[in-house]
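# Geometric and topological summary
Here are the chains, one letter per residue:
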Amino acid sequence: MKAINQYFVLNNGVKIPKIGLGTWQVKDGDEAYHSVLMALENGYRHIDTAEGYQNEASVGRAIRDSKIKREEIFVTSKLESHIKTYEGAIEAFSKTLEALGFDYLDLFLIHAPWPWSEMGKDCKEGNVLAYKAMEDLYKQKKIRAIGISNFNKEDIDNILTHCEITPQVNQIAYFIGMDQKETIEHCRKHNITVEAYSPLGIGYLLTNETIIEMAKKYNVSPAQICIRFCLEKDTAPLPKSTHLDRIIMNKEVDFTIKPEDMAVLDTIKGDPRRWD
Ligand code: A2P
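Let me sum up the structure you'll find in this document. Please read these numbers as outputs of a predicted model, since none were measured by experiment.

## Things to note about the sheet that holds strand β3 (residues 21-22)
Paired through their backbone hydrogen bonds, the strands of a sheet run either parallel or antiparallel. Across the sheet, eight strands lie side by side as β3-β4-β5-β6-β7-β8-β9-β10; this open sheet has parallel pairing. Only two strands of the sheet have a single neighbouring strand rather than two, namely β3 and β10 (236-238). In the sheet, strand β8 (residues 169-173) pairs with strand β9 (residues 193-197) via five bridges, with the strands oriented parallel. Among the inter-strand pairings, Gln 171 is bridged to a residue of β9, identified as Glu 195. The sheet strands contacting helix α3 (residues 86-100) are β5 (74-79), β6 (105-110) and β7 (143-149), and the helix crosses β6 at an angle near 135 degrees. Lying over the sheet, helix α4 (residues 124-139) contacts β5, β6 and β7, oriented at roughly 165 degrees with respect to β7.

## Considerations on the nonpolar core
For soluble globular proteins, nonpolar side chains are generally found buried alongside one another. Core analysis: the largest hydrophobic core is formed by 76 residues, its most contacted members being Ile 63, Tyr 131, Ile 176, Ile 225 and Leu 265. Discounting chain neighbours no more than four positions away, the residues touching Tyr 131 are Ile 110, Ile 146, Gly 147, Ile 148, Ile 159, Cys 163, Ile 165, Thr 166 and Pro 167. Core analysis: the next-biggest nonpolar cluster, separate from the first, contains ten residues, Phe 8, Val 14, Val 169 and Ala 236 among them.

## What about unusual backbone geometry?
Most of the time, phi is negative for any residue but glycine, and the peptide bond is trans. Phi at Gln 180 is positive, roughly 50 degrees, even though this residue is not glycine. With respect to the helices and strands, Gln 180 occurs in the loop between β8 and α6 (181-189). Although it is not a glycine, Asp 234 adopts a positive phi angle of roughly 60 degrees. Looking at where Asp 234 falls in the secondary structure, it is placed in the loop between α8 (222-232) and β10. Accessibility expressed as a relative area gives 42% for Asp 234, which makes it partly exposed.

Basis of the calculations
- Residues numbered from 1 in each chain as written.
- Predicted model: local features only at pLDDT ≥ 70, side-chain atom pairs only at ≥ 80, totals over all residues.
- Heavy atoms only, no water.
- Pairing = 2+ DSSP bridges.
- Helix = DSSP H or I, 4+ residues; strand = E, 2+ residues; numbered from the N terminus.
- Contact = heavy atoms within 4.5 Å.
- Axes fitted to C-alpha atoms, helices over the stretch in contact; angles between N-to-C directions.
- Core = buried A, V, L, I, M, F, W, Y, C linked by side-chain atoms within 4.5 Å.
- Buried < 20%, exposed > 50% of the residue type's maximum accessible area, 1.4 Å probe, protein only.

Next comes the structure, spelled out in structure tokens:
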């Protein structure tokens, strides 16, 4: 089966297509609308947005205009990182549904364990409150799966200890060079599916010499090596592009990277977002 049609089964039995279209930094309006529509017209069935991306309305409109049945598309959104109360989470979720124009969501994630403006702040109590709201929405069948994003081992343990439902997903920055070993091992231990955002290292990996050489060897593009790498590691990549040719390229990853070549890619270390 082609990679674009493959899925993971979450710990609650819900199926999630392995490759999703990311929409971070994709502008509301025409850009987000066309990016999502082009992806859906070319076989993508998994779209990732967030309240914080401020493009939910255009994403929802594109999904409706695609004329593909709503239940055939897996849609994720995220609770803004500064909302750390039960009531705040309930209210934000209803705004998300309204913006998207849906009556349910496939996956809702706590965007980060701390507000972006206060990275690293201890919000353990608030994360539990927000997550409990998501558990209630899940029980009311308004969300098919719930989870977290940018959570490390300690943040995950906080949820596992104080909440009832094991998160179905943890969405983290994951790409060649950014191995996230401890977090990924912890997710595996608890059967939490890992989604990889920025699989191209927001584009920085595409000029890496080792990756360029590997791409030549496999007769694919550097982007395809990066996306395939995430699949080989059993994570769900969420590449984003606003260009049709790249949207198509990013799903054409029906090859396997040999273990010895994966080992070479594993030698690339560090976060390329900070290489310059
Ligand atoms: P664009 O939207 O102009 O295509 P990531 O998914 O890791 O965050 O990377 C996204 C960045 O990489 C965007 O700037 C996007 O630009 C670019 N990009 C996405 N797909 C490709 C591709 N196949 N080849 C080159 N650049 C790409």
